[in-house]
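Single-letter residue listing:
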Amino acid sequence: MLQNLKNYYLFDRAEELVTYISTQYGWDEKLLNCYNFYTINSGKIIFLLKGNLNITGNITQIGLPVYKGEFPRGYLSNTFLYRFGPYATKNVIEISEEDIQPLLNREGIIIRDNYSGSGPQIVKIGHRILGRGWIRNGQLYLDASKIWRQNLLGL
Amino acid sequence: MNKQPYLDYEEYVEKYRSIIDDFDLFLDYSRKPLPKIIWTNLLKTYPEFIVNLLHHAAVNFERIDWWEGAFKVASDFKPGNTIEYLSGQIHVQEEVSMLPVVAMNPQKGDTILDMCAAPGNKTAGICLKMAEEGLVVANDIKSSRVALLQNNLSRLGFINVVVTQSDGMQIRDEDIFDKILVDAPCSAEGNIRKSQWSRRNDSHSLSFQPIQIKLLNRALKLVKKGGEVIYSTCTYSPDENEVVVNAVLQENIVLQPLDFPDHFCYSKGLTSWQNTTFHESLQKCGRIWPHQNDTGGFFVAKFKKLLSF
C-alpha cells in the first residue's frame, strides 16, 4: 500500500507497457509479472519496483527507471535494457568489437541487408548490452549519453 | 586557552600505538596504495564473464573467496571505462567496506534501511545479497550525494530499492525495518590509503561524536524488536567507535558477534581507552587495521534489539 507518496503513483497503463515491451523485444510477459510500475506526477519517468512501499520518507527515486518520456512516445531506458536486455529474443543487434568505436563517436554502422528488425533496437556485444540503438537508412546508431560515451572512450 | 596543533598523519596516529599490534607495519601499510576490488553483479552476469574480461585486458587478479564474484585487481586497471562497469555488470568497492554487509547478513524478504547510504556501495551489496526479495531503503541527507546514490543504484539495475533524502534523525518509520545500517559520518582516518590526509588536531574526532550517537540511537529506536543494527565507520578513533557504541548500550540493546570470514584478521573492540572503561561486551566489535588484510581501516559493531522501547 502506498503511503505519503505524493509524487509517485501506480502507472495505470502498465499492461500496455508490458505488452509493448514483449512485442518489441520478444520477452516473456511473465518476466515482469512480479513487479509494479510507478510513475511520478510529470508522467515522464516510469519506475519498476518489486513489492509494496509503506515508508514515509522524502522519496527521490523508487526502483529502476524503466521508461523515459510519456508512454508511448518515449523510450525504454538504457538502465532497464542493461538489466533485462539479455532476455530479449528480437530486435537485438549483435555488433563486433570494431563497431564500438564508430558507434561511440555517433557514427552509423551498416547493418546486414536482410535484417528484419524495426523500431528501437538492443545493441549487444557478446554477453554485454551496449544500449539502445536506432536504424536509419540501413545504418545502426547508438543512443547513449555523452558522458557514458566519453567514459567508454576513456576521454 | 591553548589551541591544539594540526598534525601530520604519523604524528596524529601516534596516540594509537598502544592499541595496534604492530605499529611499524601499520605505518608501512598506511603509505601503500589501496588494492582495487571489483565485484560481479550477479543479477546481470556471471563471474566467469568477468574473468574473461580480466584475461582479455591482461589484468592480474585474484579471487576474494568470501564474496562470490569479487576480485582483487591490478591497481592500474581502470574498470570505470569498461562496458561491464558502465552497464552495471561490475562494481568497484573497497574490500573492507564490504564487511558491514557481511556483518548484516541480509536475508531474502528483509526490509532494510541504509541510513547514510551515499554513494551506495554498501546499499548495492545489500541489494545483491537479498537477490531482490525484500525492500531496501537507501537514505542520505545531502542532495548531491543522493544523486550519486541514485546513479549507482540505477547503473547496477537494482529494483528492490527506494532512495530517500532525509536527515537520518527525522526518519519516522518505526517497527518496519528488520535491519539497519548506520555507516556514520566520521573523521575517515582509515581512508589514508585512498585519499590525502588533511592535517587535523586531536579534537577533530570529537566533533563527529554527537551526530554518531544520535544516528545510532535513532536506528535502534526504528528497528523492529528482534532486529539488528550495524554501526560502522572508516576511522580508528575510539571516540567515534567504542565511546559511541558504549553510549547506546542498554539492557535490551546488546552487542552480537561479527560473522566475518574465517581468515579475515581483525582486532577486538576496546574495553578501555585513556581513562574510560567500556562494557565488557565491546570486545564483540571489530577493528580492522590496514596491515591485517591489506585494506583500509574500519570499525564494525552489530547490535540486537531485544525489546521495543
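Quantities reported herein were computed from a predicted structural model and do not represent experimental measurements.

S.K.: Now, about the overall build of chain B: what can you tell me, with residues and values included?
M.R.: Helix and strand counts for chain B come out as 10 helices and 15 strands. Against the globule reference of 19 Å for 309 residues, chain B gives a C-alpha radius of gyration of 19 Å, in line with a compact fold. Its C-alpha atoms give chain B principal-axis dimensions of roughly 60 × 45 × 35 Å. A total of 309 residues make up chain B; the buried ones form 61% of that total.

S.K.: Tell me about the interface of chain B and chain A, residues and numbers included.
M.R.: If you look at the interface, chain B gives 34 residues, while chain A gives 32 residues. Each partner contributes to the roughly 2900 Å² buried at the junction of chain B and chain A, and carbon and sulfur atoms together form 55% of this total. Three residues, Ile83, Leu86 and Ile159 of chain B, lead the burial of chain B against chain A; their summed loss comes to 24% of the area buried on that side. In this structure, the connection of chain B to chain A is made through two salt bridges. Its salt-bridge partner being Glu84 of chain B, residue Arg128 of chain A comes within 3.4 Å of it at the nearest N-O pair. Where chain B meets chain A, there are 12 residue pairs in polar contact (both at pLDDT 80 or more). Counting only elements with at least two residues in the side of chain B that touches chain A, the list comes to α4 (83–86), β6 (135–140), α7 (143–156) and β7 (161–165) of chain B. For the side of chain B that touches chain A, the element with the most residues is β7 of chain B, which contributes five residues. Classifying every residue of the side of chain B that touches chain A gives 14 nonpolar, 13 polar and seven charged.

S.K.: Which residues make up the packing of aromatic side chains, and what are the values?
M.R.: Tallying each qualifying case throughout the model produces 26 aromatic pairs over all chains. Seen from their ring centres, Trp27 of chain A and Phe80 of chain A are 5.6 Å apart, and the 75° between their planes marks the pair as edge-to-face. With Trp27 of chain A in the loop between α1 (14–25) and β2 (35–40) and Phe80 of chain A in helix α2 (residues 78–84), this pair connects stretches of sequence that are 53 residues apart. Residue Trp27 of chain A shares its accessibility class with Phe80 of chain A, and that shared class is buried. Centroid distance Trp39 of chain B to Trp67 of chain B: 6.1 Å. Interplanar angle 40°. Geometry classified as tilted. Residue Trp39 of chain B is located in strand β1 (residues 36–40), and its partner Trp67 of chain B is located in the loop between β2 (61–64) and β3 (70–73); the two are separated by 28 residues in the primary sequence. Looking at Trp67 of chain B, the relative accessible area reads 0%, which means it is buried. An aromatic cluster of three or more residues is present, and its members are Tyr25, Trp27, Tyr35, Phe80, Phe84 and Tyr87 of chain A. In this structure, Lys32 of chain B is placed above the aromatic ring of Tyr29 of chain B, and the distance from its NZ or CZ to the ring centre is 4.0 Å. Lying across the ring of Tyr85 of chain B, Arg155 of chain B places its NZ or CZ 3.8 Å from the centre.

S.K.: Would you mind going over the domain arrangement of chain B in detail, with residue names and values included?
M.R.: Residues and elements named next belong to chain B. Partitioning chain B into structural domains gives domain 1 (9–34 + 95–305) and domain 2 (35–93). A straight line from the C-alpha centre of domain 1 to that of domain 2 covers 24 Å. With 27 residues of domain 1 at the contact, the number on the domain 2 side is 23 residues. Buried surface at the junction of domain 1 and domain 2, both sides included, amounts to about 2000 Å², of which 64% is carbon and sulfur.

S.K.: Can you break down the sheet that holds strand β10 (residues 128–136) of chain A residue by residue, with the values?
M.R.: Hydrogen bonds along the backbone pair up the strands of a sheet, which may run parallel or antiparallel. All names here are of chain A. The sheet built from five strands is open, its strands ordered β7-β9-β10-β11-β8 with mixed pairing. Taken across any chain shown, the strands that pair with only one partner, and hence form the sheet edges, are β7 (92–94) and β8 (109–110). Here strand β9 (residues 121–125) runs beside β10; their pairing, made up of five bridges, is antiparallel. Bridge pairing in β10 links Ile125 to Arg128.

S.K.: Describe the side chain of Ser237 of chain B, and please don't skip the residues or the numbers.
M.R.: Position of Ser237 of chain B among the secondary structure elements: in the loop between β9 (228–233) and α9 (242–248). Judged by relative accessible area, Ser237 of chain B falls into the buried class, the value being 1%.

S.K.: For the environment of Gln256 of chain B, give the residues involved together with the corresponding values.
M.R.: For Gln256 of chain B, the position within the fold is in the loop between β10 (253–255) and β11 (267–268). Excluding its chain neighbours within four sequence positions, the residues that come into contact with Gln256 of chain B are Glu228, Lys284, Lys302, Phe303 and Lys304 of chain B.

S.K.: I'd love a proper account of the confidence of the model for chain B, names of residues and values included.
M.R.: Mean pLDDT over chain B: 95, with 99% of residues reaching 70 or higher. Here the predicted complex scores 0.94 on pTM and 0.92 on ipTM.

Each value, and the rule that gives it
Residues numbered from 1 in each chain as written. Chains lettered and ligands numbered in written order. Predicted model: local features only at pLDDT ≥ 70, side-chain atom pairs only at ≥ 80, totals over all residues. Heavy atoms only, no water. Helix = DSSP H or I, 4+ residues; strand = E, 2+ residues; numbered from the N terminus. Rg over C-alpha atoms; globule rule 2.2 N^0.38 Å. Buried < 20%, exposed > 50% of the residue type's maximum accessible area, 1.4 Å probe, protein only. Contact = heavy atoms within 4.5 Å. Buried area = accessible area lost by both parts, 1.4 Å probe. Salt bridge = Lys/Arg side-chain N within 4 Å of Asp/Glu carboxyl O. Polar contact = N/O pair within 3.5 Å; in protein donor to acceptor, adjacent residues only side chain to side chain. Nonpolar A, V, L, I, M, F, W, Y, C, P; charged D, E, K, R; others polar. Phe/Tyr/Trp six-rings, centres within 6.5 Å; stacked < 30°, edge-to-face > 60°. Lys NZ or Arg CZ within 6 Å of the ring centre and 35° of its normal. Domains from an automatic or database assignment. Pairing = 2+ DSSP bridges. pLDDT = per-residue confidence, 0-100.

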